[in-house]
Amino acid sequence: MNKLKSPNKPFDISKWEVMEAYRDVKKNKGAPGVDGQSIDEFEKDLRGNLYKLWNRMSSGTYFPPPVRAVEIPKQHGGGTRMLGIPTVADRVAQTVVARHLGIRVDPIFHEDSYGYRPRRSALHAIETCRQRCWKHAWVIDLDIQKFFDSVRWDLVVKAVQAHTDAVWVKLYVERWLRAPLQLPDGSLQVRDRGAPCGAMPLR
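The sections below set out a description of the structure shown in this document. The structure presented is a predicted model; accordingly, all values stated were derived computationally and were not measured.

**Thoughts on the packing of helix H1 (residues 15-28) against helix H3 (residues 46-59)**
Any two packed helices are characterised by the angle at which their axes cross and by the distance between the axes.
In step 1: One way to put it is that H1 packs onto H3 with a least axis distance of 10 Å and a crossing angle of 120°. The orientation of H1 with respect to H3, classified from their angle, is oblique. Along this stretch, H1 crosses H3, giving a crossing that reads as right-handed. The residues of H3 that touch H1, namely those facing Lys15, Val18, Met19 and Tyr22, are Leu46, Leu50, Tyr51, Leu53 and Trp54.

**Notes on the side chain of arginine 117**
In step 1: Along the chain, the position of arginine 117 falls in the loop between helix H4 (88-105) and helix H5 (122-133).
In step 2: In this structure the side chain of arginine 117 is engaged in a polar contact, spanning 2.7 Å, whose partner is the side chain of aspartate 106.
In step 3: Residues within four places of arginine 117 in sequence aside, it is in contact with Asp106, Phe109 and His110.

**Here's the deal with the packing of aromatic side chains**
The description of an aromatic ring pair rests on the distance of the ring centres and on the angle between the ring planes.
In step 1: What the rule picks out here adds up to four aromatic pairs.
In step 2: Measuring from centroid to centroid gives 5.6 Å for tyrosine 22 and phenylalanine 42, while their planes differ by 25°, and the two rings are stacked. Of this pair, tyrosine 22 sits in helix H1 while phenylalanine 42 sits in helix H2 (residues 39-43), and the two are 20 residues apart along the sequence. This pair shows no difference in class: tyrosine 22 is buried, exactly as phenylalanine 42 is.
In step 3: Chaining the aromatic ring pairs together yields one cluster made of Tyr62, Tyr172 and Trp176.
In step 4: Directly above the aromatic system of tryptophan 54 lies the positively charged group of lysine 15, at a separation of 4.8 Å from the ring centroid.

**A closer look at the sheet that holds strand E4 (residues 188-189)**
In step 1: Judged by pairing direction, the sheet is mixed, and its four strands sit side by side in the order E2-E1-E3-E4 without closing on themselves. Looking at which strands have only one partner, the edges of the open sheet turn out to be strand E2 (80-85) and E4.
In step 2: Note: strand E1 (residues 67-73) against strand E3 (residues 181-182), two bridges, orientation parallel. Looking at the pairing, valine 67 lines up with leucine 181 of E3.

**Looking at the nonpolar core**
In step 1: Ranked by size, the top nonpolar core spans 32 residues in total, and within it Ile13, Val18, Met57, Val92, Trp168 and Val169 carry the most contacts.
In step 2: Secondary-structure elements contributing two or more residues to this core are H1, H2, H3, H4, helix H7 (153-161) and helix H8 (167-178).
In step 3: Ignoring any residue separated from it by four or fewer positions in sequence, one finds tryptophan 168 in contact with Phe11, Asp12, Ile13, Met57, Val96, Val97 and His100.

**A few points about the environment of isoleucine 103**
In step 1: As for its position among the elements, isoleucine 103 is in helix H4.
In step 2: Through-space distance from the C-alpha of isoleucine 103 to that of lysine 158 is 18 Å; in sequence the pair is 55 residues apart.

**Details of unusual backbone geometry**
In step 1: Even without glycine at this site, lysine 29 takes up a positive phi of about 60°.
In step 2: Along the polypeptide, lysine 29 turns up in the loop between H1 and H2.
In step 3: If you check the backbone angles, arginine 119 has positive phi at about 60° while not being a glycine.
In step 4: In this structure, arginine 119 sits in the loop between H4 and H5.
In step 5: Given a relative accessible area of 74%, arginine 119 falls into the exposed group.

Procedures and definitions
- Residues numbered from 1 in each chain as written.
- Predicted model: local features only at pLDDT ≥ 70, side-chain atom pairs only at ≥ 80, totals over all residues.
- Heavy atoms only, no water.
- Axes fitted to C-alpha atoms, helices over the stretch in contact; angles between N-to-C directions.
- Helix = DSSP H or I, 4+ residues; strand = E, 2+ residues; numbered from the N terminus.
- Parallel < 35°, antiparallel > 145°, perpendicular 65-115°, else oblique.
- Left-handed = near helix turned anticlockwise from the far one by under 90°.
- Contact = heavy atoms within 4.5 Å.
- Polar contact = N/O pair within 3.5 Å; in protein donor to acceptor, adjacent residues only side chain to side chain.
- Phe/Tyr/Trp six-rings, centres within 6.5 Å; stacked < 30°, edge-to-face > 60°.
- Buried < 20%, exposed > 50% of the residue type's maximum accessible area, 1.4 Å probe, protein only.
- Lys NZ or Arg CZ within 6 Å of the ring centre and 35° of its normal.
- Pairing = 2+ DSSP bridges.
- Core = buried A, V, L, I, M, F, W, Y, C linked by side-chain atoms within 4.5 Å.

Here is the structure:
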C-alpha cells in the first residue's frame, strides 16, 4: 500500500489515499451496510479489501452497492427520518472523494461554518454562540425542510465540478446519487433526487 500511483490506471488515485480514508472510517466506527460486514470483519482481509477497492476506483469500475435504510426517531418533534448506511468499503470510497474535495473547498467556507469540517466540531459552534450571546439579545434559527431529500442531482454535480476537474470524482458522485436504498423489508427504492442522510460524502 505505497504512495505510488499506477501508470496503468485511468484515474489518479493512490493506494495511500485509500488507506488514509480507511483509517478515517475506522475512527468514526459505524454500523454494517447491506452486506452485513462490520469494520472488524473488513479488517480480517484488510490488505485484500483495500486493494480491491483501490483497483476498482482507479480503473473506473467501482459501482456502489445499495444503501441500507434505517428509520430513526427525530430529535425534535414526532416522526422519523431515514438514515442511509453504506457498506464499510463504500464508506472508504466516499471518504477518498470527501478528502479530495475537502482540501479544495474548506479554505473557501465561511468562518462560522462548523459542520463536517476538519478540526471543527459542535463544541466550537457552541463556544461561538456563547460569546455572541453576550453581545446580542436575539438569534435566528433557520432550517430548509427536507433539503437533502429533494436536492436536485444536477446541482450537486455542478457544485462538485466547480471545485475539481478530477473526472473520477464527478463519476463516483453521480453513481452514489443513483445508488438505490434497501428498505427494512429488503426491497429496493430507486430515487431521482435527494441523498439519504449519512449516505453521501458531500454532507
